[in-house]
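Examination of the molecular architecture
If you want the building blocks of each chain, they are given just below.
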Amino acid sequence: QVRLVESGGGLVQPGGSLRLSCAASGFTFDSYTMNWYRQAPGKERNLVAASGSAGESTNYADSVKGRFTISRDNAKKTVYLQMNRLEPEDTATYYCNAYSDRVRNFWGRGTQVTVSS
């Protein structure tokens with residue numbers, strides 16, 4: 001059974017940091033691109049950061065470049081999102097995604113990040 005379990009969300013003040021984690025099981029983790037998406041209330045779900053299967057390549061949304069860092073530990077089957085200099089606009093539910101193809105495309109349930117003073 002495929003599972004993606006996010007953790008690390010919470011309430012943080014503007015300028016603060018959070019580290020999200022996504023623990024994976026039930027599939028061949030090191031064969032999948034791992035992504036973080038986010039969705040704010042009333043808005044579309046958008047890609048925030050992506051990591052190639054070996055972690056050799058990463059991509060970021062323009063809005064988070066220089067502030068967020070995606071990383072993965074294939075031995076632990078875990079992907080991380082380090083978020084620094086958080087802004088109120090970063091408030092959203094953050095979702096972990098494992099992607100191989102249209103069929104092998106898995107989602108976690110999300111973790112809430114709220115940036116507010």
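Now for a look at the structure at hand. (Residues numbered from 1 in each chain as written. Predicted model: local features only at pLDDT ≥ 70, side-chain atom pairs only at ≥ 80, totals over all residues. Heavy atoms only, no water.)

Observations concerning the packing of aromatic side chains
- All chains considered together, the criterion is met by five aromatic pairs.
- Relative to Phe-106, the ring of Phe-27 lies with its centre 5.6 Å away and its plane at 50 degrees, an arrangement referred to as tilted. Residue Phe-27 is found in the loop between strand E3 (18–25) and strand E4 (33–39), and its partner Phe-106 is found in strand E10 (residues 105–107); the two are separated by 79 residues along the sequence.
- Exposure remark for Phe-27: the relative accessible area of 11% places this residue in the buried category.
- An aromatic cluster is defined as three or more aromatic residues linked by ring pairs; in this entry it consists of Phe-27, Phe-29, Tyr-32 and Phe-106.
- Over the ring of Tyr-80 we find Arg-19; its NZ or CZ atom is 4.0 Å from the centre of that ring.
- Against the face of Phe-29 rests Arg-72, its NZ or CZ located 4.6 Å from the ring centre. (Phe/Tyr/Trp six-rings, centres within 6.5 Å; stacked < 30°, edge-to-face > 60°. Helix = DSSP H or I, 4+ residues; strand = E, 2+ residues; numbered from the N terminus. Buried < 20%, exposed > 50% of the residue type's maximum accessible area, 1.4 Å probe, protein only. Lys NZ or Arg CZ within 6 Å of the ring centre and 35° of its normal.)

Considerations on the layout of surface pockets
- Size it by volume and the largest pocket reaches roughly 190 Å³.
- Secondary structure elements with two or more residues in the lining of the largest pocket: E4 and strand E5 (45–51).
- Sorting elements by how many residues they give to the lining of the largest pocket places E5 first, with three residues.
- For the lining of the largest pocket, a count of residues per class yields six nonpolar, four polar and four charged. (1 Å grid on protein atoms, 1.4 Å probe; cavity = no way out; pocket = protein on both sides within 12 Å on 5 of 7 lines; lining within 4 Å. Points joined across faces, edges and corners; volume = space filled by probe spheres on them. Nonpolar A, V, L, I, M, F, W, Y, C, P; charged D, E, K, R; others polar.)

Quick notes on the pattern of salt bridges
- Counted under the stated rule, the structure contains five salt bridges.
- A salt bridge links Asp-90 to Arg-38; the shortest N-O distance between them is 2.9 Å. On the criterion of sequence distance, the pair formed by Asp-90 in the loop between strand E8 (78–83) and strand E9 (92–99) and Arg-38 in strand E4 is long-range, its members being 52 residues apart.
- What makes Asp-90 buried here is its relative accessible area of 1%.
- Note on Arg-38: relative accessible area 14%, which makes it buried.
- The salt bridge partner of Asp-101 is Arg-104, with a shortest N-O separation of 2.7 Å.
- Connected through salt bridges with shared partners, the residues Arg-38, Arg-67, Glu-87 and Asp-90 form a single ionic network. (Salt bridge = Lys/Arg side-chain N within 4 Å of Asp/Glu carboxyl O.)

Concerning the sheet that holds E8
- Read across the open sheet, the four strands follow the order E1-E3-E8-E7; overall the sheet is antiparallel. With partners counted over all chains shown, the strands left at the sheet margins are strand E1 (3–7) and strand E7 (68–73), one partner each. The mean angle between the axes of side-by-side strands here comes to 15 degrees, regardless of whether they run parallel or antiparallel. (Pairing = 2+ DSSP bridges. Axes fitted to C-alpha atoms, helices over the stretch in contact; angles between N-to-C directions.)

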